[in-house]
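Analysis of the macromolecular model
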Amino acid sequence: MTTPNKTPPGADPKQLERTGTVREIGSQAVWSLSSCKPGFGVDQLRDDNLETYWQSDGSQPHLVNIQFRRKTTVKTLCIYADYKSDESYTPSKISVRVGNNFHNLQEIREFGKNLVGHFCLGVSHAVTVLCQQLELVEPSGWIHVPLTDNHKKPTRTFMIQIAVLANHQNGRDTHMRQIKIYTPVEESSIGKFPRCTTIDFMMYRSIR
């Protein structure tokens, strides 16, 4: 019996932000959880600190619900997991769903193991990403989930739901350390200019 390859970590999402092609929009959404241990909730998922985490406190599946006030274009979902620190609390199977509300989220599709492994790393876009199931093997770092269709176009949605379906070592509760959501930055309608991606330029890209 062969041992599955460990899920390789993706790049730090801040590198995506520095390209100027995407921006993080998690602050525009209303976040809720199916359960949490006191002091280990949404605030810890969104505090930019890899040492803190959400800890569920209930039965599976463990849900993270992200709801936007208007239909929003989303391109990439980034999740930080750390098997070395969290062991049996680390997710091993995650479902990502989109829809208008709780009542019309797509049913989970069962994907082959190899397709899932490639898909969560953004290598294959063979299936429309309305609902996908990701299998993780001892992840330690950022997991990039493309929210694009088979034409590589970003998804427009009111809601994203992340469901933890299983943990490593059959663990009951789960840990997630950070979640970030990215939307593409549109080109200027006046004209296309070179992107300013140096640290000095990034300091002055927005009005203070």
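That block above? That's the structure.
Here goes a summary of the coordinates provided. (Residues numbered from 1 in each chain as written. Predicted model: local features only at pLDDT ≥ 70, side-chain atom pairs only at ≥ 80, totals over all residues. Heavy atoms only, no water.)

Attention now goes to the overall build of the protein. Of regular secondary structure, the protein possesses five helices and 11 strands. Each of the 208 residues in the protein was classed as buried or not, and the buried ones make up 45%. Partitioning the contacts of the protein with sequence separation of at least 6, the portion at a separation of at least 24 is 77%. Working note: accessible area of the protein is about 11800 Å², and carbon and sulfur atoms make up 50% of it. (Helix = DSSP H or I, 4+ residues; strand = E, 2+ residues; numbered from the N terminus. Buried < 20%, exposed > 50% of the residue type's maximum accessible area, 1.4 Å probe, protein only. Contact = heavy atoms within 4.5 Å. Areas by Shrake-Rupley, 256 points an atom, 1.4 Å probe, with all protein chains shown as cover.)

If charged atoms from side chains of opposite charge come close, those side chains can pair. For the structure on display, the rule yields five salt bridges. Taking the shortest distance from any N to any O, the salt bridge between Lys6 and Glu138 comes out at 3.3 Å. Remark: Glu138 occurs in the loop between strand E7 (131-135) and strand E8 (140-146) and Lys6 occurs in the segment before helix H1 (13-18); sequence separation between them is 132 residues. Relative accessible area serves as the criterion here: at 56%, Lys6 is assigned to the exposed category. (Salt bridge = Lys/Arg side-chain N within 4 Å of Asp/Glu carboxyl O.)

So, on to unusual backbone geometry. A cis amide bond, omega 0°, links Gln60 with the succeeding residue Pro61. Mapping Pro61 onto the fold places it in the loop between strand E3 (54-55) and strand E4 (62-74). Unusually for a residue other than glycine, Gln169 sits at a positive phi of about 55°. By the element assignment, Gln169 lies in the loop between strand E9 (155-167) and strand E10 (175-176).

A separate point is the sheet that holds E8. Spatially, four strands are ordered E1-E11-E5-E8 in an open sheet, and the strand pairing comes out antiparallel. Edge strands, defined here as strands with exactly one partner in the open sheet, are strand E1 (22-24) and E8. Ignoring strand direction, the axes of neighbouring strands in this sheet form an average angle of 25°. In this sheet, E8 lies alongside strand E5 (residues 76-82) in antiparallel orientation, the contact comprising seven bridges. Counterpart to Ile79 in the pairing with E8 is Ile143. (Pairing = 2+ DSSP bridges. Axes fitted to C-alpha atoms, helices over the stretch in contact; angles between N-to-C directions.)

Membership of the largest hydrophobic core comes to 27 residues, with the highest contact counts inside it found for Ile160 and Ile162. Secondary structure elements with two or more residues in this core: strand E2 (29-33), E4, E5, strand E6 (91-99), E8, E9 and strand E11 (178-184). The element best represented in this core is E4, accounting for four residues. Counting five residues, the second-largest nonpolar core is a separate cluster that includes Val22, Cys78, Tyr80 and Trp142. (Core = buried A, V, L, I, M, F, W, Y, C linked by side-chain atoms within 4.5 Å.)

Let us now look at the environment of Ile79. If you trace the backbone, Ile79 turns up in strand E5. Overall, Ile79 belongs to the buried group, its relative accessible area being 2%. Considering only alpha carbons, one finds Ile79 and Lys180, 101 residues apart in sequence, at a separation of 6.6 Å. Once residues lying within four places of it in the same chain are set aside, the contact partners of Ile79 are Ile94, Gly141, Trp142, Ile143, Ile162, Met176, Gln178 and Ile179.

It is worth spelling out the side chain of His168 at this point. Residue position: His168 is located in the loop between E9 and E10. For His168, a relative accessible area of 10% puts it in the buried group. Separated by 2.7 Å, the side chain of His168 and the backbone nitrogen of Glu138 make a polar contact. Each residue touching His168, except ones within four places of it in the same chain, is listed here: Tyr83, Glu87, Ser88, Thr90, Pro91, Ser92, Leu136, Val137, Glu138 and Pro139. (Polar contact = N/O pair within 3.5 Å; in protein donor to acceptor, adjacent residues only side chain to side chain.)

Before going further, it helps to examine the environment of Pro154. Along the chain, Pro154 falls in the loop between E8 and E9. Between the C-alpha atom of Pro154 and that of Val74, which follows or precedes it by 80 residues, the distance is 5.7 Å. Look past the residues within four positions of Pro154 in its chain and what remains in contact with it is Thr73, Val74, Lys75, Leu147, Thr148 and Pro184.

Turning next to the pairing of E9. The pairing of E4 with E9 spans nine bridges and is antiparallel. Residue pairing in the sheet places His62 in a bridge with Val164 of E9. Inspection of the sheet shows E6 paired to E9 by eight bridges, in the antiparallel sense. Along E9, the bridge assignment pairs Ser95 with Ala163.

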